[in-house]
Amino acid sequence: MEPRIGITPENLSKVAHALNIVLADEFLLYTKTRNAHWNVEGADFHSKHLFFEAQYEQLDEIMDSVAERIRSLGHYAPATLKAFLELTHISERLHEHNDGIGFIAELLSDHESLIIHLRENINYFAEELKDLGTSDYITGLMETHEKMAWMLRSHIK
């Protein structure tokens, strides 16, 4: 049964597709953060290991939330690695060294890229697709990533 929530089926489909891209980006960022957690080395290993764990746990919650938003709009969330790789803006590129600063710089770049993508879509959801709920949701998600990026950036200074 399709939701009757004041958004046309065509616009719901467009919103779901845009959210599928966000979910794919979140999944890649989650995976890269897990990689940092598993593979970080150096004198600061323990603190970075715990820091990356806190970040991937937060990303896990975000992924679930995005997927549930897609479902609440009457569409299915992508759930395969192939689909995520086809949809994402984030590169699977890995740096050469497993040091904390290297992982942090790479993850910071990914968060900032995602923040820009989210910011660029806030008005698209509200104005073009007439979905103020998703616009508000994306604004909150952007703010969460801004805080996560700040946490990463603070390690580099």
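Cut-offs applied
- Residues numbered from 1 in each chain as written.
- Predicted model: local features only at pLDDT ≥ 70, side-chain atom pairs only at ≥ 80, totals over all residues.
- Heavy atoms only, no water.
- Core = buried A, V, L, I, M, F, W, Y, C linked by side-chain atoms within 4.5 Å.
- Buried < 20%, exposed > 50% of the residue type's maximum accessible area, 1.4 Å probe, protein only.
- Helix = DSSP H or I, 4+ residues; strand = E, 2+ residues; numbered from the N terminus.
- Phe/Tyr/Trp six-rings, centres within 6.5 Å; stacked < 30°, edge-to-face > 60°.
- Lys NZ or Arg CZ within 6 Å of the ring centre and 35° of its normal.
- Contact = heavy atoms within 4.5 Å.

Visitor: How would you explain the nonpolar core if you had to name every residue and give the values?
Guide: Within the largest apolar cluster, 45 residues are counted, with the highest numbers of intra-cluster contacts made by F52, V66, I138 and L141. Among the secondary structure elements, those contributing two or more residues to this core are α1 (9-39), α2 (45-72), α3 (81-87), α4 (100-128) and α5 (132-156). It is α1 that contributes the most residues to this core, 13 residues altogether.

Visitor: Go over the packing of aromatic side chains, please, and point to the residues and values.
Guide: Applying the stated criterion across every chain, the model contains 6 aromatic pairs. Aromatic side chains F27 and F84 sit 4.5 Å apart centroid to centroid with 25° between the ring planes, which places their arrangement in the stacked category. In this pair, F27 sits in helix α1 while F84 sits in helix α3, placing the two residues 57 residues apart along the sequence. Judged by its relative accessible area of 7%, F84 is buried. Judged by centre distance (6.1 Å) and plane angle (90°), the rings of Y30 and Y56 are edge-to-face. Separated by 26 residues along the polypeptide, Y30 in helix α1 and Y56 in helix α2 bring together distant segments of the chain. Y56 sits in the buried class, given a relative accessible area of 7%. We note R34 situated over the ring of Y56; from NZ or CZ to the ring centre the distance is 3.7 Å.

Visitor: Go over the environment of L85 with me, naming the residues and quoting the values.
Guide: With respect to the helices, strands and loops of the structure, L85 is situated in helix α3. In the structure, L85 is positioned 57 residues away from L28 in sequence and 8.0 Å away in space, judged by C-alpha atoms. Leaving out residues up to four positions away in the same chain, L85 has contacts with L28 and E92.

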